[in-house]
Amino acid sequence: MSLGGTSNNLQNNFKCPKLTDSNVYEFENFRLDSGTLMLYRSGVLVPLTRKVVETLTALVERSGQVVSKEELMEVLWSQTSVEESNLSQNLYLLRKTLGNREDGQPFIETYRRRGYRFNAEISHSQGTNHFVKNLEIEKPEVKFEQLGTTSRRINSKKRILLARSLVSAAVLATLFLYPKFFQIAAKTEPATDAPAGIKMTRLTPDQNVYSQAISPDGKYLAFDLFERGEHGLWLKELASGSSTQIMAPDALAYCDLEFSPNGLQIYYGKTLNNHPNVTVFRIPIFGGNSQLVAYNRISPLTLSPDGRQIGFMRNVESENRLIVADADGSSERILSRRRKTSLYETWGSDLSWSPDGNSIAACGAELVGGKWRRQLIEVSTRDGVEHVIPTPDWNSMDDVAWLSDQKSLVVRARETEVSPWQIWRISYPDGNTNRITDDMNDYDNLSLSADSQSLVVSQTLGNFNLWAMRLGDPHRAKQLTFSAAVSANDGIFGVSILPNGKIVYTSPRDGHIDLWQMDLDGGGQKQLTKHVGDFNGRPRTSPDGRSIVFVSSRSGSLQIWRMDADGNNQRQLSFGEGADHPWISPDGDWIYCTFYESAKQLIAKIPFNGGSPTIVFEEHNPYHPSISPNGKLMYFDDYDENSDQPWKHGVLSLESGETLKEFSSSEGSFMEGWANSMSAIVARDNRRNLWVLPMDGRKSKPLTDFENGQIRNFAVSPDLKQIVLAHGNPSAEAMLITNF
C-alpha cells in the first residue's frame, strides 16, 4: 500500500485536508500559527521548513490522540509519492527543536506500530479544527517502548518532491572531527516560496553515473557511466537524447568532470598507480587524444571565466594549498594555504571561479573552541586574501558554484549527520539562504551552464542491509535486515559481534544514527542508544561480552564512550579535541583509537575505564587501528602525503614499535578483522568483496563473491567463525534542475 496518496481507505477518511485555516495554538513557551505556518519560541520565530511545521500542526490539532503514520503521510503528501523517511526526518527535526516539556517528558510520543501523539496543554483560537473533523480517533490504551521503525520503499519509481525555498533548519549538533563544521551564523530569511516553475528532469534514468558535467551552452552532458564493472566516458546531446562514448571502458573512474568555458574540451581525473592522488587530463569534447594537465590533485578543478587558468587543492607538508596554474597545467603557484586549525574541504569538494575572475569560492572549516566550524570562503585571485561568506550552522558543506550574476552561489550541504545532502542557494555577500531541493534524496557534483539556467547534480540511490556468513564460505551469505527504502543504512557506521553471537550495529531508522542489537538470525532487535546526539556508532564489544565501546557526538565532538551490553550505564571515556575508530585490546585493558591532538591525527590508547591517552603511533596521518587476537600486532590505515601512493595500510609490532609490513591501497582498505591470531588480515577490495591477506606474502584469498553492490562495513566474530557485513547496491543518476 502506498503511503503517499493511493490508499482508498485513507482517502475516504481523510479527504486530504489543507493546512490553511488560521488557528493559533499556544503550549508552554511556544506559539504555532497554522495559517502562516510559523512557529515561535518566546516570541522569536523558529526557522523550520514548511513541511516540518505542517507535520507539527497535524499533531497539535489532535493533541492527546494517536495519529498513525499512514494518516500523517496522507495529509502531508496526498498528491505525491514519497518515502516514509520524509516523515521520520520531520519528526526528528521537531523533537530537536521542541525538546522536552517542563516535566521532562517529550512533546511528541511514539507508539510502536501505531503512530505518534502530541502531549501538551494547548490553548487555541480562531478558525476550525479541520484536521480532527475528518479523522477517526484512536484512543491510546497502553504505552509501548519505541524500538524504531524500518523504512519501506513507497514506490519502485519514486518521484521527487519538488522543492520550495525555505529557511534552513538551524543549529544542530557538530559531528565528525574532519572539517565538517562551520563558522559564522548566517542571516536567514523568513520562509519564501520557490519559483513556481521549478523542474527536475532525469537525464540518465536507470544508469549508474559516477560523475557528470553540463556544457556551458547547456546542450551536452558529459558523464562517467559505470556498467559491467567498468567506467566509460560518454557525451549526451540533451535535445536529441543521443549518447556517444568518447573514452574507452576502463577499470578506473573518470572523475570530477568539467567543461572548458568555451565548451570545446572536457577535463577529467584518474587515480593512477605510481602517481599520488588524482591525475588530471583533458580531451576534445567529441573525443580524441587526451593531454596530461596536472598531478596530485585532491579536489575537482575550477576554470577561470576566460579558460586560461585552472584552480585546485593539493595537500603538501600538512597544508591544504589552493593551487592556480595555466590551463595546460604549467606555471603553478600557491594562491592560499590553510593548516592545523584552519583547513579547506578538499576531497571531492567542488571549487568555483567567480564570473568576474577575481575570486575562487571554496568550502572549509576553522577550529574554534576545540570544534570544527564550517565556512564558505571567497579567496581573492589577486593576492589570496580570504573573505568568509555567512552560511547557516550546517553539519557539513562541501560543494560550491557561483551563479552567473555573481549575486549568489549554490552549495551542497546537510543540516545534521543523518540529514540528506541537499542543494541550497546563498545570496552574496549577505549570506541569506534558500533551499533549492527539499526532500530525502542525496545530491552531489554541482555543474552549472554559463547562464546558470541549468543546474546538473547527481542523485544518489541505494540501501544497505546486514548479512551474515561463515568465515571461508562465500556462497552462503544470509540476509538479516530487509529494508527496501533508499535511506536504509543498517551497519554502514559500524557493526560488531558479541561473544554470545548477538550483533551490535548502527541504524538511522529512528531519525538519528543509533546503536541497535539483534540475534544472529536477525530477530530480537533492540535499540541501545536513543536521542542522545546525532551520531552513535563504531561499536566494539569487550572480550568478556559485558561492555560495548562506541563513538558518540553527544558531547559536541566525536568521543569514545562505553556502556553495558544491554545499553545501560553509558559514560564518556575520552575528552579533548576528539577520538574515533576504537578497538579493544584482547586482554580488555586498553582501547586503541584514532586520536586528535592540536589538529593532528594519530593513534593512541586509553585505559578501558577511562584516563589519560598514551600515544602509540603518529607517523604521517595514521588512523583506524585494529589489534590482532594475540595482542601483539596493530593494523592501521595511513595517508602519507609525500608518497606517490599516499594511501597505505600497515602492520605494526606493539612490542617493538616497528612497522612489519605495508600494503598498498590496491591490496585492501579499512580492515575490520583478523582471520587468525596474527598471520592474516581481512580487507576489502574497493568495497566490492572481502579478502584474506596473508602476512607472509602468500596469495590473497576471497572471502565473499558478490558480483554487484558494495560492502560498507563488516565485523569478524570473536571466535573467528562468522562475518557480519553491511551490503547494498548504491547508484547515482544525473538530474537537471531548471527554474530554480
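Preceding this paragraph is the structure being described.
Heads up: these notes are all about the structure in this document. (Residues numbered from 1 in each chain as written. Predicted model: local features only at pLDDT ≥ 70, side-chain atom pairs only at ≥ 80, totals over all residues. Heavy atoms only, no water.)

## What to know about the pattern of salt bridges
When the charged atoms of two side chains with opposite charge come close together, those side chains can pair. One pass over the full model with this rule turns up 19 salt bridges. Here Arg 117 makes a salt bridge to Glu 109, at a shortest N to O gap of 3.1 Å. With relative accessibility at 14%, the residue Glu 109 sits in the buried group. The partner of Arg 412 in a salt bridge is Asp 398, with the nearest N and O atoms 2.6 Å apart. Of this pair, Arg 412 sits in strand β27 (residues 408-414) while Asp 398 sits in strand β26 (residues 396-402), and the two are 14 residues apart along the sequence. Beyond isolated ion pairs, a larger network of salt bridges with shared partners links Glu 319, Arg 321, Arg 337 and Arg 339. (Salt bridge = Lys/Arg side-chain N within 4 Å of Asp/Glu carboxyl O. Buried < 20%, exposed > 50% of the residue type's maximum accessible area, 1.4 Å probe, protein only. Helix = DSSP H or I, 4+ residues; strand = E, 2+ residues; numbered from the N terminus.)

## A short note on helix α3 (residues 69-76)
Burial runs high along α3: seven of the eight residues are buried. Of all the positions in α3, only Lys 69, Glu 71, Leu 72, Met 73, Glu 74, Val 75 and Leu 76 are classed as buried.

## Remarks on the sheet that holds strand β30 (residues 442-448)
An order of β8-β56-β31-β30 is seen for the four strands of this open sheet, with the pairing classed as antiparallel. The two strands at the open ends of the sheet, each matched to only one other strand, are β8 (199-202) and β30. Direction aside, neighbouring strands of the sheet carry axes that sit 30° apart on average. (Pairing = 2+ DSSP bridges. Axes fitted to C-alpha atoms, helices over the stretch in contact; angles between N-to-C directions.)

## Focus: the environment of Val 75
Within the fold, Val 75 resides in helix α3. The exposure class of Val 75 is buried, given its relative accessible area of 8%. Spatially, the C-alpha atoms of Val 75 and Glu 54 are 9.1 Å apart, while their sequence positions differ by 21 residues.

## Remarks on the packing of aromatic side chains
The relative placement of two aromatic rings is captured by the distance of their centres and the angle of their planes. Tallying each qualifying case throughout the model produces 15 aromatic pairs. Centre to centre, the rings of Phe 27 and Phe 107 are 5.6 Å apart; their planes meet at 65°, and the pair counts as edge-to-face. One end of the pair, Phe 27, is in strand β1 (residues 24-27); the other, Phe 107, is in the loop between α4 (85-98) and β5 (108-111), and 80 residues separate them in sequence. On the basis of relative accessible area, Phe 27 is assigned to the buried category, the value being 0%. In this structure Phe 107 comes out as buried when scored by relative accessible area, which is 1%. Look at Tyr 220 and Phe 286: their rings are 5.8 Å apart centre to centre, the planes differ by 85°, and that puts the pair in the edge-to-face class. Here Tyr 220 is found in strand β10 (residues 220-227), whereas its partner Phe 286 is found in the loop between β15 (278-284) and β16 (291-297), with 66 residues between them in sequence. For Tyr 220, a relative accessible area of 19% corresponds to the buried category. (Phe/Tyr/Trp six-rings, centres within 6.5 Å; stacked < 30°, edge-to-face > 60°.)

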